[in-house]
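# Summary of the model geometry
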Amino acid sequence: MTMNILVTGCAGFIGSHVARRLCQEGHQVLGLDNLNGYYAIDLKLARLDLLMENPRFQFRKQDIADTQAMRKLFDEHRFDRVVHLAAQAGVRYSIDNPHVYVDSNLQGFVNILEGCRRSVVGHLLYASSSSVYGISRALPLREDAPTIPVSLYAVSKRANEMMAHSYAHLFGQPATGLRLFTVYGPWGRPDMAPFKFTQAMLEGWPIDLYNGGNLSRDFTYIDDVVEGIVQLLNCIPCFGPKSGARDNDVPHATYNIGFGTPSSLAELIGCIESATGASAIRHRKRMQPGDVYDTWADVSALEARTGFRPKTPLPQGIDSFVQWYRTFYRA
Ligand SMILES: NC(=O)c1ccc[n+]([C@@H]2O[C@H](COP(=O)([O-])OP(=O)(O)OC[C@H]3O[C@@H](n4cnc5c(N)ncnc54)[C@H](O)[C@@H]3O)[C@@H](O)[C@H]2O)c1
């Protein structure tokens, strides 16, 4: 069935991939983004150019924190689904720039929730983050593990889950929170380790290894994340114990989307060295405030609900990323 879908953050890394896939599936996609300067706008514009080639895609430059403009958007359109990926991302940036997280991630999120409930959107899917688990040591992390967020970014994502839960409870607005684990791949974010390390190695610069490199992440390839989101689009959480969701007293669910196996930073660097043929110059640094030591997703809830689990191993995903990087930056 063809649907009208709003994708926020469509010029971003994950949003651009999701919007492209939804257009390919035959849906009409309205993409929204404020094209902010958190990282190179050229990269956002290049992603957007690619999207604009598809006649099923329309772009609207708008800030989700602008309450009036968001109200107008939902008055003008009827969306069957909203995939909300716009946010101020980044753990470290939130330490020095707290207000932008409040504007985009809290104010912006209320505007999305209000728009969805007023115009009766069939299903809201929104990006949460593995960072909500924070310093929880219950590895691998299940959706019902304690959440102990340690940065304002993580707090804003946990707050989104609680806000969505309350809208599901109060107004019956169906919503699914996507706890995404360190996503990487072609068109990836320049502030994240796979991108930064690749750039540094190809340029011959040193790379910073926080906590001396003694960290691990459940690196998740972009195509697997997109597949997980597409699979969940029509898994609408409903009341009652048969919804398959773990918090099923209201039509709200949260799912981990992660590869399901953590890799150390040393393994990540090894993959990039093989893919680029360059060697890393390592600078060991102390642990960054707000960061966590390890992430590791339990993806059994996602698999039980959709039959899908992420499958791209790190070396294969990094090869694809490096290939894209070399082509895009002529490196
Ligand atoms: N990439 C990851 O590893 C990862 C992990 C966990 C969660 N997430 C979440 O997934 C979502 C997408 O992440 P991403 O990696 O694609 O990040 P991204 O920064 O590449 O994309 C976010 C997009 O949203 C836009 N945006 C930001 N604030 C906005 C606002 N106020 N109004 C309109 N547009 C705005 C930005 O311009 C950007 O294009 C985010 O919510 C992020 O927090 C990402």
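To be clear, the structure that these remarks concern was listed above.
Given the structure is predicted, the values throughout are model-derived calculations rather than measurements.

In this section: the overall build of the protein. Along its length, the protein carries 11 helices and 13 strands. Its C-alpha radius of gyration of 19 Å places the protein within 12% of the 20 Å reference for a compact globule of 331 residues. The dimensions of the protein, computed from C-alpha atoms along their principal axes, are 55 × 45 × 40 Å. Counting only contacts in the protein whose residues sit at least 6 apart along the sequence, the fraction spanning at least 24 positions is 81%. When the accessible surface of the protein is summed, it comes to about 13800 Å², and 51% of that surface belongs to carbon and sulfur atoms. Taking the average location of the 33 positive side-chain charges in the protein and that of its 32 negative ones, the two points are 1 Å from each other.

Right, let's get into helix H2 (residues 41-52). Working note: α-helix, 3.6 residues per turn, so residues spaced by three or four point in the same direction. Compared with an ideal rise of 1.5 Å per residue, which puts 12 residues at 16 Å, H2 spans 16 Å between its outermost C-alpha atoms and is within 8% of the ideal. Along H2, the positions that sit buried rather than exposed are Leu-43, Lys-44, Ala-46, Arg-47, Leu-48 and Leu-51. The inward-facing, buried residues of H2 abut helix H1 (13-24), strand E3 (57-61) and helix H11 (314-329).

Each aromatic ring pair is summarised here by two numbers: the centre-to-centre distance and the angle between the ring planes. One pass over the full model with this rule turns up 22 aromatic pairs. Measuring from centroid to centroid gives 6.2 Å for Tyr-133 and Phe-181, while their planes differ by 40°, and the two rings are tilted. Of this pair, Tyr-133 sits in the loop between strand E5 (123-129) and helix H6 (152-171) while Phe-181 sits in the loop between strand E6 (175-180) and strand E7 (183-184); the two residues are 48 residues apart in sequence, bridging distant segments of the chain. Taken individually, Tyr-133 and Phe-181 each receive the classification buried, so the pair is uniform in this respect.

A few words now on the pattern of salt bridges. Counted according to the given criterion, the structure contains 15 salt bridges. Arg-117 is paired through a salt bridge with Glu-114; the nearest N and O atoms lie 2.9 Å apart. A residue pair is termed a helical-turn pair when its members lie 3 or 4 positions apart in one helix, as Arg-117 and Glu-114 do in helix H5 (residues 98-118) at three residues. Note that Arg-309 is salt-bridged to Glu-303, the shortest N-O span being 3.0 Å. For Arg-309, a relative accessible area of 34% puts it in the partly exposed group. Relative accessible area serves as the criterion here: at 32%, Glu-303 is assigned to the partly exposed category. Residues joined in a network through salt bridges with shared partners are Arg-21, Glu-25 and Glu-227.

The omega angle of the peptide bond from Leu-139 to Pro-140 is -10°, so this bond is cis rather than trans. With respect to the secondary-structure elements, Pro-140 resides in the loop between E5 and H6. Within the chain, Val-120 stands out as a residue other than glycine whose phi angle is a positive 50°. Phi angles above zero are rare outside glycine, and Thr-182 is one such case at about 25°. Here Thr-182 is to be found in the loop between E6 and E7.

This part is about the packing of H1 against helix H8 (residues 222-232). Contact geometry for H1 and H8: axes closest at 10 Å, N-to-C directions at 55°. With respect to each other, H1 and H8 are oriented oblique. For the element pair H1 and H8, the recorded crossing hand is right-handed. Counted together, Phe-13, Ile-14, His-17, Val-18, Arg-21 and Leu-22 of H1 and Ile-222, Val-225, Val-226, Glu-227, Ile-229 and Val-230 of H8 form the full contact between these two elements. Per-class residue counts for the contact of H1 with H8 are nine nonpolar, one polar and two charged.

When a strand is regular, its side chains alternate between the sheet's two faces. Taken across its six residues, E6 has six buried, putting it largely inside the fold. Residue alternation in E6 divides its side chains into two sets, Ala-175, Gly-177 and Arg-179 and Thr-176, Leu-178 and Leu-180, and both sets are buried. Note that E5 and E6 share six bridges and pair parallel. Within E6, the position partnered with Tyr-126 by the bridge is Gly-177. After leaving E5, the chain enters H6 and then returns to the sheet as E6, a path that is right-handed. With six bridges connecting them, E6 and strand E11 (residues 252-257) associate as parallel partners. What sits directly across from Gly-177, in E11, is Thr-254.

A separate point is the side chain of Asn-111. For Asn-111, the location among the structural elements is in helix H5. You can call Asn-111 buried: its relative accessible area is 8%. Apart from the residues lying within four places of it in its own chain, the contact partners of Asn-111 are Ile-64, Ala-65, Asp-66, Thr-67, Met-70 and Phe-74.

For the rest of this paragraph, the subject is the nonpolar core. Core analysis: the biggest nonpolar cluster contains 66 residues, and Val-7, Ile-14, Leu-22 and Val-83 have the highest contact counts within it. Leaving out residues up to four positions away in the same chain, Val-7 has contacts with Gly-15, Ala-19, Leu-22, Val-29, Leu-30, Gly-31, Leu-32, Val-83 and Leu-85. Of all hydrophobic cores here, the second largest spans 21 residues; its members include Ile-64, Leu-73, Phe-74 and Leu-124.

Reading the values: rules and limits
- Residues numbered from 1 in each chain as written.
- Predicted model: local features only at pLDDT ≥ 70, side-chain atom pairs only at ≥ 80, totals over all residues.
- Heavy atoms only, no water.
- Helix = DSSP H or I, 4+ residues; strand = E, 2+ residues; numbered from the N terminus.
- Rg over C-alpha atoms; globule rule 2.2 N^0.38 Å.
- Contact = heavy atoms within 4.5 Å.
- Areas by Shrake-Rupley, 256 points an atom, 1.4 Å probe, with all protein chains shown as cover.
- Lys, Arg positive; Asp, Glu negative; His and termini not counted.
- Charge placed at Lys NZ, Arg CZ, Asp CG, Glu CD.
- Expected span 1.5 Å × (residues − 1).
- Buried < 20%, exposed > 50% of the residue type's maximum accessible area, 1.4 Å probe, protein only.
- Phe/Tyr/Trp six-rings, centres within 6.5 Å; stacked < 30°, edge-to-face > 60°.
- Salt bridge = Lys/Arg side-chain N within 4 Å of Asp/Glu carboxyl O.
- Axes fitted to C-alpha atoms, helices over the stretch in contact; angles between N-to-C directions.
- Parallel < 35°, antiparallel > 145°, perpendicular 65-115°, else oblique.
- Left-handed = near helix turned anticlockwise from the far one by under 90°.
- Nonpolar A, V, L, I, M, F, W, Y, C, P; charged D, E, K, R; others polar.
- Pairing = 2+ DSSP bridges.
- Right-handed = clockwise from strand over helix to strand, strands pointing away.
- Core = buried A, V, L, I, M, F, W, Y, C linked by side-chain atoms within 4.5 Å.

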